Amino acid sequence: MTLTTLRLSSAGQTVAYRDVGQGAPLLLIHGVGMQSAAWGPQLTALGETHRVIAVDMPGHGGSARLPTDGRLPDYVAWLHDFTKTLGIGPFSIAGHSMGALIAGGYAIEHPDQTERVALLSGVYRRNAQARAAVIARAAEISAGKIDLQTPIDRWFEDGPRHAIAKQQVAQWLSKVEPSGYATAYSAFAKGDTVYADRFAEISCPFLAITGDGDLNSTPDMSQKMASVVQNGHAVTINGHRHMVNLTAPSIVTAHLAAWLNDTAAQKVAP
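This structure is a prediction, so every number in the text was calculated from the model and none was measured.

1. A look at the packing of helix 4 (residues 128-142) against helix 7 (residues 178-189)
Between helix 4 and helix 7, the least distance of the axes is 9 Å, while the angle of their chain directions is 165°. Taken as axis vectors, helix 4 and helix 7 run roughly antiparallel relative to one another. Helix-helix and strand crossings are classified by hand; for helix 4 and helix 7 the assignment is left-handed. Here Val134, Ile135, Arg137, Ala138, Ile141 and Ser142 of helix 4 lie close against helix 7, whose contacting residues are Tyr181, Ala182, Tyr185, Ser186, Phe188 and Ala189. Classifying every residue of the contact of helix 4 with helix 7 by side-chain character gives 9 nonpolar, 2 polar and 1 charged.

2. A closer look at the side chain of Thr183
Tracing the backbone through its elements, the reader meets Thr183 in helix 7. Setting aside anything within four residues of it in sequence, one finds Thr183 in contact with Pro67, Thr68, Gly70 and Tyr75.

3. Digging into the nonpolar core
By size, the foremost hydrophobic cluster in this structure holds 67 residues, and its most contacted members are Phe82, Met98, Val169, Phe199 and Phe206. With 8 residues, the top contributor of residues to this core is helix 3 (residues 98-109). Those residues in contact with Phe206 that sit more than four places away from it in its chain are Val117, Leu119, Phe199, Met225, Ala226, Val229, Asn231, Gly232 and His233.

4. Concerning a negative patch on the surface
A grouping of Glu140, Asp147, Asp153 and Asp158 is seen on the molecular surface, where their side chains present a negatively charged patch. Tracing the backbone shows Asp147 in the loop between helix 4 and helix 5 (149-155).

5. Quick look at the environment of Ile164
Locating Ile164 in the fold gives a position in helix 6 (residues 163-175). Assessed through its relative accessible area of 64%, Ile164 is described here as exposed. Each C-alpha atom, one on Ile164 and one on Leu246, is 9.4 Å from the other, the two residues being 82 residues apart in sequence.

6. Topic: the side chain of His60
Following the sequence through the fold, His60 ends up in the loop between strand 4 (51-55) and helix 2 (72-86). Taking relative accessible area as the criterion, His60 reaches 0% and is therefore assigned buried. Non-local contacts of His60, meaning those with residues more than four positions away in its chain, are made with His30, Gly31, Val32, Gly33, Met34, Val176, Gly180, Tyr181 and Ala184.

7. Thoughts on the packing of aromatic side chains
Counted under the stated rule, the structure contains 7 aromatic pairs. Aromatic pair Tyr185 and Phe188: ring centres 5.7 Å apart, planes at 70°, arrangement edge-to-face. Here Phe188 and Tyr185 lie together in helix 7, a separation of 3 residues that amounts to about one turn. For Phe188, a relative accessible area of 9% gives the class buried.

8. A few points about the sheet that holds strand 2 (residues 14-20)
A sheet is described by the order of its strands in space; here 8 strands give the open sequence 1-2-4-3-5-6-7-8, paired in mixed fashion. Each of the sheet's edge strands pairs with one partner strand only, and the pair in question is strand 1 (4-7) and strand 8 (232-237). For this sheet the average axis-to-axis angle between neighbouring strands, irrespective of direction, equals 25°. As paired strands, strand 3 (residues 25-29) and strand 5 (residues 91-96) are joined by 4 bridges and run parallel to one another. From the neighbouring strand, Leu26 faces strand 5, where its bridge partner is Ser92. The sheet contacts of helix 2 involve strand 1, strand 2, strand 3, strand 4 and strand 5, and relative to strand 4 the element is tilted by about 135°.

9. Topic: helix 2
Because each turn of an α-helix spans 3.6 residues, side chains separated by three or four positions in sequence point in the same direction. Compared with an ideal rise of 1.5 Å per residue, which puts 15 residues at 21 Å, helix 2 spans 21 Å between its outermost C-alpha atoms and is within 8% of the ideal. Along helix 2, the residues classified as buried are Leu72, Tyr75, Val76, Trp78, Leu79, His80, Asp81, Phe82, Thr83 and Leu86. Two residues or fewer after helix 2 comes Gly87, characterised by a positive phi angle close to 80°.

Conventions used here
Residues numbered from 1 in each chain as written. Predicted model: local features only at pLDDT ≥ 70, side-chain atom pairs only at ≥ 80, totals over all residues. Heavy atoms only, no water. Axes fitted to C-alpha atoms, helices over the stretch in contact; angles between N-to-C directions. Helix = DSSP H or I, 4+ residues; strand = E, 2+ residues; numbered from the N terminus. Parallel < 35°, antiparallel > 145°, perpendicular 65-115°, else oblique. Left-handed = near helix turned anticlockwise from the far one by under 90°. Contact = heavy atoms within 4.5 Å. Nonpolar A, V, L, I, M, F, W, Y, C, P; charged D, E, K, R; others polar. Core = buried A, V, L, I, M, F, W, Y, C linked by side-chain atoms within 4.5 Å. Buried < 20%, exposed > 50% of the residue type's maximum accessible area, 1.4 Å probe, protein only. Patch = residues over 30% accessible without salt bridge, like charges linked within 9 Å, V, L, I, M, F, W, Y side chains within 5 Å. Areas by Shrake-Rupley, 256 points an atom, 1.4 Å probe, with all protein chains shown as cover. Salt bridge = Lys/Arg side-chain N within 4 Å of Asp/Glu carboxyl O. Lys, Arg positive; Asp, Glu negative; His and termini not counted. Charge placed at Lys NZ, Arg CZ, Asp CG, Glu CD. Phe/Tyr/Trp six-rings, centres within 6.5 Å; stacked < 30°, edge-to-face > 60°. Pairing = 2+ DSSP bridges. Expected span 1.5 Å × (residues − 1).

Okay, structure coming up:
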């Protein structure tokens, strides 16, 4: 699954992505500090039935970064530029963490292009304490104080059970471009309310997946998102934290496959 590079038709930025399989298109967007390779288990499994495109977010992997003042709507616009340049659509879209914010925003801004949307470890309307903490972390990262061990400790349980996934994530974090990381994290920190008031506009089949041990992208957030949209379903995976697609790959992939193949779940007419 090698990277392919594309130059956007509107912005002219370089974007890197992985493209496997054939069939109906599925677009995957990773979280802050990661890269498209973080979708490895899903690329392999879902690529057997779909054309699966995992894209490097701006400033991550092989994709050029956005300006340092970039905010969530800028990432949504970037994604639309990418899909237009690639010439796909309509398509299903799944995002993890920051990628979930982008995917949700895209489903709202471009409903005609969105067949289905799945948000993994998504954030939605943080409480005041959580919002203050994540904004403080964003400020530290923007100031050059990048602590890569802290997210690892939040995202994984202690012990050897997920040692391989933890090592992979640590390697991806160590390779992220600092400025792109800081811009994305700032957009992530301030993005949980940007589209929150418009979630009721989402009419396509909607899936939210969260690990029960994820203290920042909580099961309660997933339940609330699923209750607000018109055709929503929430799943909590017990015994897992933030990087649930890597620590519970077969379970997550099974839920995504069911979401992709559920012909009974059709877009709700406006």
